[in-house]
Amino acid sequence: MAKEMKRREFLKAAGVTVLAASVAGTLGGCYDLPDDPYYPDYPDSSSSSSSSRPDSSSSSSSSSSSSSSSSSSSSSSSSSSSSSSEAQPLKIIWTISDNGDGTATLTGYDNTGATPAGEITLPTKVSGRMITKVDCNVGNKVTKLTIPGSIKSVYNVARDDLSLREVVLEEGVEQLGLKSFNYGFFSFSGCKNLSKVQIPKTLKRIEERCFYDCQSLKSISLPEGLTKIGDSAFAGTGLKSVTIPSTIEELEWSVFAGSDLETATVKCGATSQRMFSGCEQLQTIELSDTITEISDRMFEGCTALKMIPWPKNVQSIGWRAFRDCTAMTRLSIPVGVTSIGSEAFKGCVALLKVNILGMITTIEDNTFADCKKLSAVYIPMTVNEIGGRAFNRCVSLQDVYYPMSESAWANISISGDGNGFLTAADLHTNALPLVI
């Protein structure tokens, strides 16, 4: 009897040990997921399982079986049991926000499912709702992202993702990014290895900073039909050449500032402040004759730009428009120009000769300051005032040409502040414009 009791106690203890080992084995793979640096509810890329696989309906979409609430919902995926002891790979569980009209906005993915990785296509439907907008971060393990044409607006989808190499926007997509100064997230901004972007003909708007600092992006085709390019949308990119469509109605600040552009063609009549500012490799520019204004700082710091093919209808040249264009040697300002902003050509250190043919009345402060090689300038009869330091430190200025008489020249108000080299130069009256 004693032996039988000992045997029962042994089996009972062994059973507890086996059960404990089983539970430990089951829970051994569970751990807390670190926060995503941009959206705290998203899993870090290091937490995705190598066994994750996309849904069969698209390379990333999971099948939807759960119902959604009025404010948000998620698609569900389950691993069906099988005779095999090997667990089925997880699917991506996409989360949505109901738009209230039978459609939804894709808002992210649930960290209990797989992390998007590799080549993925965003879902067109989740929980029976058509996806028409995207406002989420797909993580940082996606290499190729395809956005179906049924999605009309992509507010954000990736930022500072160093894995992303290619983006395909299918026909039907109309808007990239969201115009909001407080938004703080910009689609594809900082994706330094993104080198290929397919833009559809249906795209109407590219909002602010969408491709900012995409240093590997060397080329892009912007379609006719595009109406807006937002602030800094392509600033700091690796673009070598660009053609801006004739349909553009709105260009915001610094659209291509600091990019690697070598050639640019502007077919539209719109321009913007700092549009090409700091494009140090820009050598060739073609401007539409519908352009009436060279905006403030539009070509500032374009150190490789030697000449400007002026639009036929240009009327004004903005503040600092060509400041520090250090390769420019000759300049002839068109007849139609009626105003030139201060510092417009300041620091153009290679400039040798200037014809001002426009009907301007004032040469503003510092307009040609620090043009140290400028030797000759033609000033039109319409000028009645030359502002302070307009020709400051123009140490090589030798000849001033003026189409009227000496007495007419004497009636021009010339500031004594910093214009000593202008007043000391030889004055040629009743003169013709320079041969440039």
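Please refer to the structure placed before this passage.
All residue numbers here refer to positions counted from 1 along the written sequence of the relevant chain. Only residues with pLDDT of at least 70 are given local features in this predicted model, and only at 80 or more are side-chain atom pairs given and counted; all residues enter the totals for whole chains, interfaces and linings. Heavy atoms throughout the structure, all of them, feed into the side-chain values; hydrogens and water do not.

> Sorry if this is basic, but what is going on with the packing of aromatic side chains here?
In this description, a pair of aromatic rings is defined by centroid distance and the angle of the planes. Stacked, tilted and edge-to-face are the three classes applied to pairs of Phe, Tyr and Trp rings, where Trp contributes its six-membered ring and a pair requires centres within 6.5 Å; stacked means planes under 30 degrees apart, edge-to-face means over 60, and tilted covers the rest. Taken as a whole and assessed by the stated rule, the structure comprises 11 aromatic pairs. With a centroid separation of 5.6 Å and 15 degrees between ring planes, the pair formed by Phe 276 and Phe 299 is classed as stacked. Placement of the pair is Phe 276 in the loop between β16 (263-266) and β17 (284-287) and Phe 299 in the loop between β18 (293-294) and β19 (316-317), with a sequence separation of 23 residues. The class for Phe 276 is buried, based on a relative accessible area of 0%. The buried label applies to any residue whose accessible area, calculated with a 1.4 Å probe on protein chains only, is under 20% of its type's maximum; exposed applies above 50%, and partly exposed to all values in between. Here Phe 299 falls in the buried class, since its relative accessible area comes to 0%. One aromatic cluster is present, formed by Phe 188, Phe 211, Phe 234, Phe 256, Phe 276, Phe 299, Trp 310, Phe 322, Phe 345, Phe 368 and Phe 391 through successive ring pairs. Criterion for a charge above a ring: Arg CZ or Lys NZ at most 6 Å from the ring centre, at most 35 degrees from the ring normal. Above the face of the Tyr 212 ring, Arg 209 is positioned so that its terminal group lies 4.1 Å from the ring centre. Strands here are runs of E lasting at least two residues and helices are runs of H or I lasting at least four, both read from the DSSP assignment and numbered beginning at the N terminus.

> Before we go on, may I ask you to explain the pairing of strand β7 (residues 142-147) in this structure?
On a regular strand, each side chain points to the face opposite its neighbour's, so the side chains alternate between the two faces of the sheet. We call two strands paired when DSSP finds no fewer than two bridges between them. For strand β4 (residues 118-121) and β7, the ladder comprises 4 bridges, and the chain directions are parallel. Opposite Glu 119, over in β7, you have Lys 144 as the bridge partner. Relative to strand β9 (residues 166-169), β7 runs parallel, the two sharing 4 bridges. Bridge pairing links Lys 144 to Glu 166 in β9.

> Could you clarify how one ought to interpret the sheet that holds strand β27 (residues 413-414) in this entry?
Across a sheet, strands are paired by hydrogen bonds formed along the backbone, either parallel or antiparallel in direction. Read across the sheet, 3 strands follow the order β23-β25-β27 without closing on themselves; strand pairing throughout is parallel. The sheet terminates laterally at β23 (362-363) and β27, the two strands that pair on one side only. Sheet topology note: the strand β25 (residues 385-386)/β27 ladder contains 2 bridges and is parallel. In the sheet register, Glu 385 faces β27, and the bridge partner there is Ser 413.

> Please explain unusual backbone geometry as it appears in this structure.
What is expected of a backbone is that most residues other than glycine have negative phi and most peptide bonds are trans. In the Ramachandran plot, Ser 254 falls in the positive-phi region, its phi being about 55 degrees despite a non-glycine side chain. Assignment of secondary structure puts Ser 254 in the loop between β15 (250-251) and β16. Taking relative accessible area as the criterion, Ser 254 reaches 6% and is therefore assigned buried.

> Sorry if this is basic, but what is going on with the sheet that holds strand β28 (residues 426-428) here?
Overall, parallel pairing links the 5 strands, which are arranged β20-β22-β24-β26-β28 in an open sheet. Every interior strand has two partners, whereas the edge strands, β20 (330-333) and β28, have only one. Averaged over all pairs of adjacent strands, the angle between their axes in this sheet comes to 10 degrees, without regard to strand direction. Where β20 and strand β22 (residues 353-356) come together, 4 bridges link them in parallel fashion. What sits directly across from Ile 333, in β22, is Ile 356. With axes taken as lines fitted to C-alpha atoms, and helix axes fitted only over the stretch in contact, angles between N-to-C directions fall between 0 and 180 degrees.

> Would you mind going over the environment of Lys 228 with me for this structure?
Looking at the secondary structure, you find Lys 228 in strand β13 (residues 228-229). In the structure, Lys 228 is positioned 22 residues away from Glu 250 in sequence and 4.8 Å away in space, judged by C-alpha atoms. Whether two residues are in contact is decided by their heavy atoms, any of which lying within 4.5 Å being enough. Lys 228 has contacts with Lys 179, Lys 204, Arg 205, Ile 206, Glu 207, Ile 248, Glu 250 and Glu 252, leaving out every residue within four places of it along the chain. Here a polar contact is taken to be a pair of N or O atoms separated by no more than 3.5 Å, where protein atoms must pair a possible hydrogen donor with a possible acceptor and residues adjacent in sequence count only if both atoms sit in side chains. A distance of 3.3 Å separates a polar atom in the side chain of Lys 228 from a polar atom in the side chain of Glu 252.

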